[in-house]
Amino acid sequence: MRPNFLHHLHPPTIPAEQARWRYTLGAGGIAIFLVLVLILTGILEMFYYIPTPAEAALSVQIISYSVPFGALVRNLHYWAGQLLLVVSGLHLLRVVLTGAYARPRRFNYLLGLALFVLIILLDFTGYILRWDQGIQWALVVGTNLVKSIPWVGDSLYQMLVGGTQPGAAALIRFYTWHIFGLMLLAGILTIWHAFRVRRDGGIAVPPPPLRTSTERITRFELLRREVTAMLLTGAGLLLLSLLLPAPIAPAITEITALSGDTHAPWFFLWVQQMLKWGDPFLLGVLVPLLVLLILALIPYLLTAPRQAELGRWFPKANRLAQVILVVITLLVTLFMLLALGPVIQ
Ligand code: HEM
């Protein structure tokens, strides 16, 4: 049989060390599964969703309350989107806390980081598509952040929103980015990223002379573990979707940042909190970009783990990278909780 892309991702045997749950958490594979669920359920939603300000929120209500299995499909799409963000965040944590980003995997780490940004943008544009009162803060404050960029802010705002304030042009642009532009980029990067894992020699473990175990597993065993992860994730996702419906609110009547639910989507709550403390350009644009830059530079500026240390958590040689990531994660979580305070009350 001629080897195909799936054979490339699943060679006849791989070192057992590369496929340990407690090392990889299965997070990369679970992320791929969630991407597939998102594509399938997203295509189904496209049959009913209408991207105009007058009908968007109404069409979401029709999907949720009238279309057979519409609520299930929408809930699956919503929860797969949230889980994908959490799972790729965990995957990013594991890659840094195990030092797996070290040469020759530096480029693939950047591909992964680009994917992470694309997933945040996909979640954000999808959230805007609801076009109900719940999304107004994100729509108004989020797009105004673009305006705060010196010199090019106004032109960028025009390109993003298609006018002087969000309306029909903005909605169709967010829709096109969501279902086509961002999706296409994310699809290409996901395939490239998975392909690079193999090209870089599989999951990071010590080279053969330094390995403690010579055990290998077959591609069927690898596939069995992947299918197990998918079934468990699929069951969890189904349960979430049956028990907790995706948010829904009345349609927007007049666009204002202050009516309805006045908070950002959960993954931008940390930015919303920082905006309370000062300049929108500094805190809403520069600080998030700086965080991204720090993450991107980790493999290039900081000491990598030694070869023998690969394949396990918390190697000694890259402690600084671990500390940086843990501090960033703790601060982002703290700011999210602070922003949530008034919402919970
Ligand atoms: C949709 C998002 C992503 C998908 C679908 C994905 C998929 C995968 C898969 C299937 C693997 C191999 C299995 C595993 O390690 O669990 C992998 C490994 C890897 N990923 Fe990702 N990934 C994503 C995001 C990221 C992010 C955010 C980063 C870091 C910035 C990243 C960096 C890496 C690196 C460096 C490896 C090689 C790890 C090693 O050799 O131990 N990926 N990814």
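Here is a short report on the structure shown in this document. The residue numbering used here restarts from 1 in each chain and proceeds along that chain's sequence as written. Local features in this predicted model are restricted to residues of pLDDT 70 or higher, and side-chain atom pairs are both shown and tallied only at a pLDDT of 80 or more, whereas totals for entire chains, interfaces and linings draw on every residue. In computing side-chain properties, one takes all heavy atoms of the structure into account and sets aside hydrogens as well as water.

A cis amide bond links R103 with the next residue in sequence, P104, at an omega value of 5°. Where helices and strands are cited, they refer to DSSP runs of H or I of at least four residues and of E of at least two residues respectively, numbered from the N terminus. Note on placement: P104 falls in the loop between helix 5 (70–97) and helix 6 (106–129). Phi angles above zero are rare outside glycine, and L25 is one such case at about 65°. For L25, the position within the fold is in the loop between helix 2 (21–24) and helix 3 (27–46). Under the scheme applied here, a residue whose accessible area is under 20% of the maximum for its type counts as buried, over 50% as exposed, and between as partly exposed, the area being computed with a 1.4 Å probe on protein chains only. For L25, a relative accessible area of 35% gives the class partly exposed. The backbone phi angle of W151 is positive, close to 65°, even though this residue is not glycine. Mapped onto the secondary structure, W151 falls in the loop between helix 7 (136–147) and helix 8 (153–161).

Ligation of the iron atom of the ligand by protein atoms is provided by H91 (NE2) and H193 (NE2), these donors lying 2.0 to 2.1 Å from the ion. The rule for donors is simple: N, O or S, within 2.8 Å of the metal, or within 3.2 Å if the metal is Na, K or Ca. Water isn't counted, so a site may look like it is missing partners. Just to be clear on the cut-offs, tetrahedral is four donors with all angles between 85 and 135 degrees, square planar is four donors and octahedral six with opposite donors over 155 degrees apart and all others between 65 and 115, and anything else goes down as irregular. Because the angles between the 6 donor atoms bound to the iron atom of the ligand fall within 86 to 179°, the donor set is best described as octahedral. Of this pair, H91 sits in helix 5 while H193 is found in helix 9 (residues 168–199), placing the two residues 102 residues apart along the sequence. A relative accessible area of 17% means that H193 is categorised as buried.

In this section: the pattern of salt bridges. A side-chain nitrogen of Lys or Arg and a carboxyl oxygen of Asp or Glu constitute a salt bridge if their distance falls within 4 Å. Scanning all chains against the criterion turns up 5 salt bridges. Here R225 ties to E221 by a salt bridge, and the two come within 2.8 Å at their closest N and O atoms. Pair noted here: R225 and E221 are both in helix 10 (residues 219–243), with a separation of 4 residues, about one helical turn. Overall, R225 belongs to the partly exposed group, its relative accessible area being 21%. R306 is the partner of E309 in a salt bridge, and the nearest nitrogen-oxygen pair spans 3.5 Å. Within the structure, one salt-bridge network assembled from shared partners comprises E221, R224 and R225.

On to the layout of surface pockets. In this analysis, the protein atoms alone were mapped onto a 1 Å grid. Cavities are point sets where a 1.4 Å probe fits without being able to get out; pockets are open sets with protein on both sides within 12 Å along at least five of seven lines; lining residues have an atom within 4 Å of a point. Grid points are joined across faces, edges and corners, and a volume is the space filled by probe spheres set on the points. Taken as a whole, the second largest pocket spans an internal volume of roughly 1,700 Å³. Lining the second largest pocket are 48 residues; nearest its centre among them are I120, L121, F268, W270 and P288. Going through the elements one at a time, helix 5, helix 6, helix 7, helix 8, helix 9, helix 11 (269–275), helix 12 (280–301) and helix 13 (319–344) are the ones with two or more residues in the lining of the second largest pocket. Amino acids are sorted into nonpolar (Ala, Val, Leu, Ile, Met, Phe, Trp, Tyr, Cys and Pro), charged (Asp, Glu, Lys and Arg) and polar (every other residue, Gly among them). Taken together, the residues of the lining of the second largest pocket break down into 40 nonpolar, 8 polar and no charged.

Let's shift gears to the packing of aromatic side chains. Each aromatic pair joins two rings of Phe, Tyr and Trp (for Trp, the six-membered one) with centres within 6.5 Å, and gets the label stacked for planes under 30 degrees apart, edge-to-face for over 60, and tilted for any other angle. Under the counting rule described, the total for this entry stands at 10 aromatic pairs. Between the aromatic rings of F124 and F268, the centroid separation amounts to 5.5 Å while the plane-to-plane angle is 65°, which identifies the pairing as edge-to-face. In this pair, F124 is assigned in helix 6 and F268 in the loop between helix 10 and helix 11, connecting sequence segments 144 residues apart. On the basis of relative accessible area, F124 is assigned to the buried category, the value being 12%. Judged by relative accessible area, F268 falls into the partly exposed class, the value being 23%. Taken together through their ring pairs, the aromatic side chains of F124, F174, W266, F267 and F268 make up a single cluster. When the ring centre of Y23 is taken as reference, the NZ or CZ atom of R94 above it lies at 4.7 Å. Look at NZ for Lys and CZ for Arg. If either is within 6 Å of the ring centre and within 35 degrees of the ring normal, a charge sits over the ring.

Note on terminology: near, applied to a residue and a molecule or strand, indicates that one of the residue's heavy atoms is within 4 Å of it. Around the ligand, a shell composed of 25 residues is seen, among which H91, R94, R105, H193 and A204 lie nearest. Polar contact criterion, stated in full: a pair of N or O atoms within 3.5 Å, where within protein one must be able to donate a hydrogen and the other to accept it, and residues adjacent in sequence count only if both atoms are side-chain atoms. A distance of 3.0 Å separates an oxygen atom of the ligand from a polar atom in the side chain of R105. One of the side-chain N or O atoms of H193 is found 2.8 Å from a nitrogen atom in the ligand. Elements supplying a minimum of two residues to the shell around the ligand: helix 2, helix 3, helix 5, helix 6 and helix 9. For the shell around the ligand, the element with the highest residue contribution is helix 6, accounting for 6 residues. Across the shell around the ligand, the residue classes tally to 14 nonpolar, 9 polar and 2 charged.

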